[in-house]
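A look at the structure
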Amino acid sequence: MNLYLRNLTGKKYEIILPFIEQDKYKVKNRQRKYVTFINPVPQKGVELVIEVAKKLSNVDFLFVKGNWFHYRGNEEIFIQEARLLPNIKIWEHQEDSRSIYEVTDILLVPSIFNETFGRIILEAQTNSIPVIASKVGGIEYTLGTGGILIDSDASSQAYVESIERLKFDQKFYSDVSKLAFANSQRSEFNPDFQVNNFIEIANNYLKS
């Protein structure tokens, strides 16, 4: 994202990442039940995921409503078609996202706008959940090696093939799952690191 901002404005920016206390998202027992999609609205790629679910009728999907102020109360507009598909289960917004990760096998993040970070990626990876995500904004940085990155202009078939590989190649799933957890443990994702980083940036600014 730093590079994106620099290319956009010609200026250098310092980035402070979101503070994510990973223990708050860690689940004790996880069931590999669903391919999960959180916040089914246009910017997050809801139309694409519905298309993917149609192609993978033998795979169970979980849609979890988000809590975006702009769409609050209007999410049903975007998931009417999803409600007609027998392999899609729909949940209301969950205050405690651990209930989501407890039943998640794979997390989908097919955003079509420039996500600055994508914190749900890190929350899922904390639980060794592989993530399939689009290459937009800061997602590539957050995802690291803990998932599958899909070109932003790719068709739904790219997601279908990635899900099938994770679902039916257990060694591949295990390898990516381990990489997901390892990525979540990167030092720069530690809140203490971000506090120290902020202090250093502030001190350098004051000195200049």
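This text goes with the structure placed above it.
Scope of this entry: the structure provided in the associated data block.

The rules behind each value
- Residues numbered from 1 in each chain as written.
- Predicted model: local features only at pLDDT ≥ 70, side-chain atom pairs only at ≥ 80, totals over all residues.
- Heavy atoms only, no water.
- Buried < 20%, exposed > 50% of the residue type's maximum accessible area, 1.4 Å probe, protein only.
- Helix = DSSP H or I, 4+ residues; strand = E, 2+ residues; numbered from the N terminus.
- Pairing = 2+ DSSP bridges.
- 1 Å grid on protein atoms, 1.4 Å probe; cavity = no way out; pocket = protein on both sides within 12 Å on 5 of 7 lines; lining within 4 Å.
- Points joined across faces, edges and corners; volume = space filled by probe spheres on them.
- Nonpolar A, V, L, I, M, F, W, Y, C, P; charged D, E, K, R; others polar.
- Contact = heavy atoms within 4.5 Å.
- Axes fitted to C-alpha atoms, helices over the stretch in contact; angles between N-to-C directions.
- Parallel < 35°, antiparallel > 145°, perpendicular 65-115°, else oblique.
- Left-handed = near helix turned anticlockwise from the far one by under 90°.

This brings us to the pairing of strand β2 (residues 61-64). By the alternation rule, side chains of β2 split into F61 and F63 and L62 and V64, which are all buried. When strand β1 (residues 34-38) meets β2, the two strands line up parallel, connected through four bridges. Within the sheet, the bridge partner assigned to V35 lies in β2 and is F61. Strand direction decides the pairing type here: β2 and strand β3 (residues 88-91), joined by four bridges, are parallel. For L62, the partnering residue across the bridge sits in β3 and is K89.

Turning our attention to the layout of surface pockets. It is a probe the size of a water molecule, rolled over the atoms, that shows where empty space is left. Its volume calculated, the largest pocket comes out at about 460 Å³. Lining of the largest pocket is provided by 24 residues; of these, I38, N39, R119, I120 and E123 occupy positions nearest its centre. For the lining of the largest pocket, the elements supplying multiple residues, two or more each, are α4 (98-101) and α5 (119-126). Examining the composition of the lining of the largest pocket, we find that three residues originate from one element, α5, more than from any other. Partitioned by chemical class, the residues of the lining of the largest pocket number 10 nonpolar, eight polar and six charged.

Summarising the element assignment, S177 is placed in helix α8 (residues 170-184). Looking at S177, the relative accessible area reads 10%, which means it is buried. Once you skip the residues sitting within four places of it in the chain, S177 turns out to touch R30, S128 and P130.

Across the interface, helix α2 (residues 46-55) lies against helix α7 (residues 156-168) with an axial gap of 9 Å and an inter-helix angle of 55°. Overall, the two elements α2 and α7 adopt an arrangement that is oblique. For the pair α2 and α7, the crossing hand works out as right-handed. In this structure, α2 uses L48, E51, V52 and K55 to contact α7, whose residues at the interface are S156, Q157, Y159, V160 and I163. Here the residues of the contact of α2 with α7 sort into five nonpolar, two polar and two charged.

No statement about biological role is implied by the geometric values presented.
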